[in-house]
Amino acid sequence: MKRQRSLLSLILVIVATFLISCGSPTVATAPPTYTPAQLEKIQEYVPDIQSVRDRAQELQKLIENKQWVKVGNFIHGPMAEARLNMTYIAANLLPQDQKIARQLGRSLFDHLVKIDQAATTGNSLGALNNYQGAYTDIDKFLQLLPKTNS
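Residues numbered from 1 in each chain as written. Predicted model: local features only at pLDDT ≥ 70, side-chain atom pairs only at ≥ 80, totals over all residues. Heavy atoms only, no water.

Q: Whenever I open this one, unusual backbone geometry confuses me. Can you help?
A: Peptide bonds are, in most cases, trans, and in most cases residues other than glycine have a negative phi. Unusually for a residue other than glycine, Lys-66 sits at a positive phi of about 55 degrees. Looking at the element boundaries, Lys-66 is found in the loop between helix H3 (56–64) and helix H4 (68–76). (Helix = DSSP H or I, 4+ residues; strand = E, 2+ residues; numbered from the N terminus.)

Below, the structure written as structure tokens:
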């Protein structure tokens, strides 16, 4: 009987220890937020991307009119600059958004290459399809950015 009591006491101690260790309060961590420096850096590059976004119709008209030299100038100039700015912004986004932002930057680059190839061969349909893809990537990227009150 004495042996059963010590065994029962030992089991109760183990169970109590286990329950106490599992029942400790968890520390709630705040979701990651942007620092003022990150927001400032992001907002520095957004206007250039937005201005390229606002010029979407210009590129479409160039493709439809088969002005291939101007199409090349547009994708190697303002659109390439916007892609570079997207890369700078991606480094300042929250970790969960950085991966998506980098994928969108790569996708935009792929679309720009395909537009350039289509312009070289005079393929209006290929250029228009990739034009749409490029601007879809830009729109998705802009949606990732933090909203500011300014």
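Once the structure has been displayed, the description carries forward.
Q: Looking at this structure, how should I read the nonpolar core?
A: Taken as a class, soluble globular proteins show a tendency for nonpolar side chains to be buried jointly. Counting 37 residues, the largest nonpolar core has Leu-59, Met-79, Ile-89 and Tyr-135 as its most contacted members. Of all the secondary structure elements, the ones that give two or more residues to this core are helix H2 (36–54), H3, H4, helix H5 (78–90), helix H6 (95–121) and helix H7 (124–144). Apart from the residues lying within four places of it in its own chain, the contact partners of Leu-59 are Val-71, Phe-74, Ile-75, Met-79, Tyr-131 and Tyr-135. (Core = buried A, V, L, I, M, F, W, Y, C linked by side-chain atoms within 4.5 Å. Buried < 20%, exposed > 50% of the residue type's maximum accessible area, 1.4 Å probe, protein only. Contact = heavy atoms within 4.5 Å.)

Q: Would you take a moment to explain the environment of Leu-62 for this structure?
A: Structurally, Leu-62 is set in helix H3. For the pair Leu-62 and Ser-51, spaced eleven residues apart in the sequence, the C-alpha separation amounts to 17 Å. Those residues within four positions of Leu-62 in sequence are excluded, and the remaining contacts are Gln-67, Lys-70, Val-71 and Phe-74.

Q: Is there a simple way to think about the pattern of salt bridges in this case?
A: Two side chains with opposite charge may pair up if their charged atoms get near one another. Within this structure, the stated rule accounts for two salt bridges. Put simply, Glu-58 and Arg-55 hold a salt bridge, and the shortest N to O gap is 2.8 Å. (Salt bridge = Lys/Arg side-chain N within 4 Å of Asp/Glu carboxyl O.)

Q: Help me out: how do you make sense of the side chain of Ser-124 in this one?
A: Following the sequence through the fold, Ser-124 ends up in helix H7. With sequence-adjacent residues up to four places away left out, Ser-124 is seen in contact with Ile-63, Lys-66 and Trp-68.

Q: Teacher, can you tell me more about H7 here?
A: An α-helix turns once every 3.6 residues. As a result, residues three or four positions apart point the same way. Taking 1.5 Å per residue, 21 residues should reach 30 Å; H7 reaches 31 Å between its end C-alpha atoms and fits that length. A side-chain oxygen of the first residue of H7 lies 3.3 Å from the backbone nitrogen of Leu-125; this N-cap is Asn-123. (Expected span 1.5 Å × (residues − 1). Polar contact = N/O pair within 3.5 Å; in protein donor to acceptor, adjacent residues only side chain to side chain.)

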